[in-house]
Amino acid sequence: MLQVLNPATEELVATVPAATAADVDAAVARATAAQRGWAAAAPADRARLLRRFAAVVDEHVEELARLEVTEAGHTLGNARWEAGNVRDLLDFAAGGVERLNGRQIPVAGGLDVTILEPLGVVGVIAPWNFPMPIAAWATAPALAAGNAVLLKPAETTPLTALRLAELALEAGLPEGLFQVLPGTGPVAGNALVEHPGIAKIVFTGSTRVGKSIMAKCADQVKRLTLELGGKSPNIVFADADIEAAAAAAPMAFLDNSGQDCCARTRILVERSAYDRFLELLTPAIEEIVVGDPLDERTQMGPLISRAQLDRVRSYVTEDLQGIRGKAPEGPGFWFPPTVLTGVPEDAPCAVEEVFGPVAVVLPFDDEADAIRLANATEYGLSGSIWTRDVGRALRASRAVRAGNLSVNSHSSVRYWTPFGGYRQSGLGRELGPDALTAFTETKNVFISTEA
Ligand code: NAD
């Protein structure tokens, strides 16, 4: 049984049966049968059903959002955005069904065409930090491209996923096409990875688990997309609008209590602007409203679990100095917004993913030094560059080895632009114009005109 706790109160919200390997087996059989009919259906019919699914999600945004607040501790505003994001992803993917075009390539003596075929059954293994959007990032395009989906949500956050599966049936999606298998990683997750009836795994989670899944997928040359950790830089050059950069820096690492793979937790500031930046950052951090996620004024909620709280605490040792915000006392997994200063460049808190409301500020000397520092982790997911110099913005954008950069902004994720990591932040891309293609095989067919 999985126990779902409300992270803001530690109250037990639900117990959910955990899927076994036999459950995964049975689900794969149902999905395989459903996928045949789905792939054979007219594209316009698949698109219409996905749009209907989007419409049903839209009718339940508030309910889904409140469920997310209860099981994940997200602020209500964020949770509403997340439920709406599922709707938008389904709509966007539905628009791709009739545009999943192959190519016609010039050849002598015939006609050469490529056909984009669905893979079959796709296994999606999701983390707890953005349970709804991350599940939908893979599920929506995979379904649109003609696949069936088996989704395993994280142990701590199965409720929104289970509700989405009910809504899919309500919208008229065929039985078995989209199934949710709550369960543990080593049992249900591993069963998806090892099952020969699953053609592709989309895994979002820690780099450690992602590496082990990649090794297991190699046995069957199973297709794989990995969205892993991050330790993203927020580079502030002295020529930037320092007020704007300091005002934006807190929520760039505190959103979702820092449990965001794109969190800008390494704030790199040009030495000549360092003191001014900290002077502006200090009150901004101290004023962040941390508390009841259902209160509309709240900017930051709790961490997901006791284990995550312990992990975050282990990085913020007594000897470290910096800026500390406020957090509630008492039940709930609370940790205050924290910015550490004066730490060595290679300190664990400066290079490892904390996955909590903790950032470091490090000074740099010039552009080359900024790029060196920005790239000085094993990750490469996101990053921000603050400068008024267009040439510098472009040079830095080219030089930072990460998949998602923003200039004078911290935005990373739009469903219609590609998302994914360099280096140990991942493999493959999700979202964007090619989202559906990632769930297809390209078949090349030559038809002779000489016979
Ligand atoms: P995690 O790796 O512990 O778990 C992620 C999922 O994998 C869960 O569903 C879990 O049950 C499952 N799992 C665990 N062990 C497994 C195994 N042996 N076989 C199959 N499945 C297994 O990660 P987490 O703690 O849930 O999530 C936090 C991590 O996710 C962070 O490191 C964060 O950066 C990363 N993340 C990355 C992105 C991205 O897009 N790059 C997005 C969100 C989170």
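Note that this is a predicted model, so its numbers are computed, not measured.

A. Looking closely at the overall build of the chain. The helix and strand inventory of the chain stands at 14 helices and 18 strands. Computed over C-alpha atoms, the radius of gyration of the chain comes to 23 Å, within 12% of the 22 Å expected from 2.2 N^0.38 for 451 residues, which places it in the range of a compact globule. Dimensions of the chain, computed from the C-alpha atoms along their principal axes, are close to 75 × 60 × 40 Å. Counting the 451 residues in the chain, one finds 56% classified as buried. Considering only intrachain contacts with a sequence separation of at least 6, the fraction spanning at least 24 residues in the chain is 73%. With an accessible surface of roughly 18400 Å², the chain has 54% of that area assigned to carbon and sulfur atoms. With 40 positive and 55 negative side-chain charges, the chain shows a spacing of 4 Å between the two charge centroids.

B. Region of interest: the sheet that holds strand 14 (residues 358-364). The strand order across the open sheet built from seven strands is 12-13-14-11-10-15-16, with neighbouring strands paired in mixed fashion. Edge positions in the open sheet fall to strand 12 (321-324) and strand 16 (404-407), since each of these has one partner strand only. The average undirected angle you get between the axes of adjacent strands in this sheet is 20 degrees. Two strands pair when backbone bridges link them, and strand 10 (residues 233-236) and strand 15 (residues 382-386) are joined in this way by three bridges, in the parallel orientation. Note that in strand 15 the partner of Val236 across the bridge is Trp386.

C. Molecular detail of the domain arrangement of the chain. According to the domain assignment, the chain consists of domain 1 (2-228 + 424-448) and domain 2 (233-413). A buried area of about 2300 Å², summed over both sides, lies between domain 1 and domain 2, and 60% of it is on carbon and sulfur atoms. Run the count over domain 1 and domain 2 and you get two salt bridges. A salt bridge links Glu296 to Arg80; the shortest N-O distance between them is 3.4 Å. Linking domain 1 to domain 2 there are twelve residue pairs in polar contact (both at pLDDT 80 or more). Take the side of domain 1 that touches domain 2: its biggest share by element is four residues, from helix 3 (residues 61-72). Tallied by class, the residues present in the side of domain 1 that touches domain 2 amount to eleven nonpolar, eleven polar and six charged.

D. Looking closely at the nonpolar core. Counting 73 residues, the largest nonpolar core has Phe53, Leu150, Phe178 and Ile201 as its most contacted members. Counting residues per element, this core draws most heavily on helix 5 (residues 131-144), which supplies nine residues. Ranked by size, the runner-up nonpolar core spans 28 residues in total, among them Ile235, Val312, Leu362 and Ile371.

E. Region of the structure containing the layout of surface pockets. Approximately 1000 Å³ is the volume attributed to the largest pocket. Lining the largest pocket are 39 residues, and of these Phe203, Gly205, Ser206, Arg208 and Val209 sit closest to its centre. For the lining of the largest pocket, the elements supplying multiple residues, two or more each, are helix 7 (185-194), strand 8 (200-204), helix 8 (207-220) and helix 11 (306-315). The element contributing the most residues to the lining of the largest pocket is helix 8, with six residues. In the lining of the largest pocket, the residues fall into 18 nonpolar, 13 polar and eight charged. Counting contributing residues, the lining of the largest pocket receives three or more from each of domain 1 (2-228 + 424-448) and domain 2 (233-413). The calculated volume of the second largest pocket comes to roughly 480 Å³.

Rules behind the numbers
Residues numbered from 1 in each chain as written. Predicted model: local features only at pLDDT ≥ 70, side-chain atom pairs only at ≥ 80, totals over all residues. Heavy atoms only, no water. Helix = DSSP H or I, 4+ residues; strand = E, 2+ residues; numbered from the N terminus. Rg over C-alpha atoms; globule rule 2.2 N^0.38 Å. Buried < 20%, exposed > 50% of the residue type's maximum accessible area, 1.4 Å probe, protein only. Contact = heavy atoms within 4.5 Å. Areas by Shrake-Rupley, 256 points an atom, 1.4 Å probe, with all protein chains shown as cover. Lys, Arg positive; Asp, Glu negative; His and termini not counted. Charge placed at Lys NZ, Arg CZ, Asp CG, Glu CD. Pairing = 2+ DSSP bridges. Axes fitted to C-alpha atoms, helices over the stretch in contact; angles between N-to-C directions. Domains from an automatic or database assignment. Buried area = accessible area lost by both parts, 1.4 Å probe. Salt bridge = Lys/Arg side-chain N within 4 Å of Asp/Glu carboxyl O. Polar contact = N/O pair within 3.5 Å; in protein donor to acceptor, adjacent residues only side chain to side chain. Nonpolar A, V, L, I, M, F, W, Y, C, P; charged D, E, K, R; others polar. Core = buried A, V, L, I, M, F, W, Y, C linked by side-chain atoms within 4.5 Å. 1 Å grid on protein atoms, 1.4 Å probe; cavity = no way out; pocket = protein on both sides within 12 Å on 5 of 7 lines; lining within 4 Å. Points joined across faces, edges and corners; volume = space filled by probe spheres on them.

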